[in-house]
Each structure stands twice: as C-alpha cells, then as structure tokens.
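# An overview of the molecular structure
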Amino acid sequence: MKKIAFFCIPAHGHTNPMLPIAAELVRRGNVVRFYSFGEFEKKIKATGAEFISCDSFLPKLTEQEEAGLNNVSTTEMTVQDIRITLSMNDFLDKEFKSFQPDVVYTDSVCFWGS
C-alpha cells in the first residue's frame, strides 16, 4: 500500500481526467489524498480518495475579477499560481511531514504540487 498525494488547479479540464486514476489507485488499496477545491469535493470523495480543501489559499476576488476569469492571460494565471504556491508552502510542509506520501501526482500547471 502506497500513500499518494494528488494536486490539481481548480479547473474541470484538469481535475476530471485525474479522477479515474485516483479511483483506481484507491481500488488497489492505496491511500490517496487529493488536495483540491470545494467545487470538486463530491467528485473527489466519490473516488474514495480523501479530500483536502485548499480553498482558503485562493485569493479573494472582486465581482469584476471573477467575471473576467474566462479572459485571463496565461501570464496572469502563472502569477496567480505562484501566489497560491507561496501561500500554501507552510501548510504543505506540515502535510508532507505528517502524511509522508510515497508518490506525488500533480497537474503540469499546478506549481504547488511540485
């Protein structure tokens, strides 16, 4: 049995493909922790993985900023990912010291998974 940590950005096109992999790893008897966001909690729990909320690390957005999310540049997305990564650093350090995963499975644009 392995301990596996999953990381993904809060986007359906990135999270959804990871779900069957998490489910299969759980089915095979592994302990899977999926670090994600409330929007995906039900789907993640349905795989049998443990859901760890990362919502508190997302920046607070104004209504105007939230409305403009579909038009965000790649540069701005990268800057936001870096900010989220920096804000999660202490949390993830504690998580990894206590959980001690054998494997980390992360989305390619999820910097905090690195």
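Quick note: structure is the one above.
Residues numbered from 1 in each chain as written. Predicted model: local features only at pLDDT ≥ 70, side-chain atom pairs only at ≥ 80, totals over all residues. Heavy atoms only, no water.

### Topic: a nonpolar patch on the surface
For the record, the criterion: The residues that make up patches have over 30% relative accessible area and no salt bridge, and they are joined within 9 Å when like-charged or within 5 Å when they are Val, Leu, Ile, Met, Phe, Trp or Tyr. Areas reported as accessible are Shrake-Rupley estimates using a 1.4 Å probe. Residue values count occlusion only from the protein chains shown. The rule for a salt bridge is simple: a side-chain nitrogen of Lys or Arg has to be within 4 Å of a carboxyl oxygen of Asp or Glu. To qualify as a helix, a DSSP run of H or I must reach at least 4 residues; to qualify as a strand, a run of E must reach at least 2; elements of each kind are numbered from the N terminus. Each residue is placed in one exposure class: buried if its accessible area under a 1.4 Å probe, protein chains only, is under 20% of its type's maximum, exposed if it is over 50%, and partly exposed if it falls in between.
A surface patch of nonpolar side chains, amounting to about 280 Å² of accessible area, comprises Ile82, Leu86 and Phe111. Locating phenylalanine 111 in the fold gives a position in the segment after strand S4 (103-106). Its relative accessible area of 32% is what places phenylalanine 111 among the partly exposed residues.

### Digging into the packing of aromatic side chains
As a reminder, the rule being used: For this analysis, a ring pair means two rings from Phe, Tyr or Trp (six-membered ring only for Trp) whose centres lie within 6.5 Å, classed as stacked if their planes differ by under 30 degrees, edge-to-face if by over 60, and tilted for the remaining angles. Any Lys NZ or Arg CZ that is within 6 Å of a ring centre and within 35 degrees of that ring's normal is treated as a charge sitting over the ring.
Taken as a whole and judged by the stated rule, the model has six aromatic pairs. A centroid spacing of 4.7 Å and a plane angle of 15 degrees characterise the contact between phenylalanine 7 and tyrosine 35, whose relative ring orientation is stacked. With phenylalanine 7 in strand S1 (residues 3-7) and tyrosine 35 in strand S2 (residues 31-36), the pair connects residues that are 28 residues apart, well separated along the chain. Exposure remark for phenylalanine 7: the relative accessible area of 1% places this residue in the buried category. When its relative accessible area of 0% is taken as the criterion, tyrosine 35 is described as buried. Within the aromatic cluster, the residues linked to one another by ring pairs are Phe7, Tyr35, Phe57, Phe91 and Phe96. Lying over the aromatic face of phenylalanine 99, lysine 3 brings its terminal NZ or CZ to 5.7 Å of the ring centre.

### Some words on the sheet that holds strand S3 (residues 50-53)
Test applied: Two strands qualify as a pair provided DSSP detects at least 2 bridges between them. Each axis is a line fitted through C-alpha atoms, taken for helices only over the stretch in contact, and angles between the N-to-C directions span 0 to 180 degrees. Contact criterion: two residues are considered in contact whenever any of their non-hydrogen atoms come within 4.5 Å of each other.
Strand order in the open sheet formed by four strands is S3-S2-S1-S4, with parallel pairing between adjacent strands. Every other strand in the sheet has two partners, leaving S3 and S4 as the edge strands with one partner each. Pairs of neighbouring strands in the sheet enclose a mean axial angle of 20 degrees, with direction left out of account. For S1 and S2, the ladder comprises five bridges, and the chain directions are parallel. By the bridge assignment for S2, phenylalanine 7 is matched with tyrosine 35. Across the sheet, helix H2 (residues 19-27) lies against S1, S2 and S4, angled at about 155 degrees from S2, the strand it touches most.

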